[in-house]
Amino acid sequence: MKKCKIGVLATGGGTNLQAIIDACESGMIPGEVVVVIANKKDAYVLERAKKHNIDSILIDRSKCRNMKEFSDKAALELNNRSVDLVCLAGFLLKLAPSFIAEFGNRILNIHPALLPAFGGEGMYGHHVHEAVLKSGARFSGPTVHFVDEEYDKGAIILQDVVPVMDNDTPESLHKRVLEKEHIIFPKAVKYFCENKLVISGKRVIIKE
Ligand code: GRF
């Protein structure tokens, strides 16, 4: 099977990027991360990429006029490397519609709650876990989904569940959810690289 070329966009620490790199290196994912793009110069994801000899690119959002310019620059880097799949691994910006159109159903995102609840604009990082705690929900967990023009609305690929404890803080819940993210994100990438994902309306069928 031809190896799938993966490009990762990220803003922060990159533990999900690390999980994907590790799954590629162990052979679980029939693919390789060929480029990591960050939008902030202090993003630790860039260091993680360098440690694995992966091209690491900074496209400083603050130096771009708008998201279209940022998205065009990112698309160029991805296309220069013939990337098959784009993973948003803790990427906090909204890509331009032209980028979403160009990469079609080839963009995956990880969200730290059970979509379609607790998604949408402003729902990122600790805001998500705070909202879950405030709602009184007994369960939370990550979602991997395809990306379309609307925030957190694309077809859902995988989810997992964790309990919400009475004494949870946003931080403790984040930690519990993150452990599951590191399992389901590589798994969804593996399915994509194996051509096992079929989108049918809002549903994703996983071919076995
Ligand atoms: C994760 O919680 C992910 O769900 C969200 O951003 C966080 C990224 O964490 N989209 P990391 O940078 O992969 O450690």
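A brief report on the enclosed structure follows. (Residues numbered from 1 in each chain as written. Predicted model: local features only at pLDDT ≥ 70, side-chain atom pairs only at ≥ 80, totals over all residues. Heavy atoms only, no water.)

**A short note on unusual backbone geometry**
For residues other than glycine, phi is negative in most cases, and the peptide bonds are mostly trans.
So, step 1. Here the amide bond leading from Leu115 into Pro116 is cis, since omega sits at 10 degrees, within 30 degrees of zero.
So, step 2. Here Asn53, not a glycine, exhibits a phi torsion of approximately 55 degrees, which is positive.
So, step 3. Mapping Asn53 onto the fold places it in the loop between helix H2 (44-51) and strand S3 (55-58).
So, step 4. Given a relative accessible area of 74%, Asn53 falls into the exposed group.
So, step 5. Although it is not a glycine, Asn195 adopts a positive phi angle of roughly 60 degrees.
So, step 6. As for its position among the elements, Asn195 is in the loop between helix H6 (170-193) and strand S10 (197-200).
So, step 7. Owing to a relative accessible area of 60%, Asn195 belongs among the exposed residues under this scheme. (Helix = DSSP H or I, 4+ residues; strand = E, 2+ residues; numbered from the N terminus. Buried < 20%, exposed > 50% of the residue type's maximum accessible area, 1.4 Å probe, protein only.)

**Points about the environment of Lys180**
So, step 1. Relative to the helices and strands, Lys180 is located in helix H6.
So, step 2. Once the C-alpha coordinates of Lys180 and Val162 are considered, the two residues, 18 residues apart in sequence, prove to be 8.1 Å apart.
So, step 3. In this structure, Lys180 is in contact with Pro142, Asp160, Val161 and Val162, ignoring residues within four places of it in sequence. (Contact = heavy atoms within 4.5 Å.)

**So, the sheet that holds S3**
So, step 1. Pairing is mixed across the open sheet formed by 7 strands, whose spatial order is S3-S2-S1-S4-S5-S7-S8. Since the sheet does not close on itself, it has two edges, and those belong to S3 and strand S8 (156-159), each with one partner. Across the sheet, the mean angle from the axis of one strand to that of its neighbour is 20 degrees, orientation sign disregarded.
So, step 2. Two strands pair when backbone bridges link them, and strand S4 (residues 85-88) and strand S5 (residues 107-111) are joined in this way by 3 bridges, in the parallel orientation. If you follow Leu88 over to S5, its bridge partner there is Asn109.
So, step 3. The sheet contacts of helix H1 (residues 15-25) involve strand S1 (4-10), strand S2 (31-38), S4 and S5, and relative to S2 the element is tilted by about 160 degrees. (Pairing = 2+ DSSP bridges. Axes fitted to C-alpha atoms, helices over the stretch in contact; angles between N-to-C directions.)

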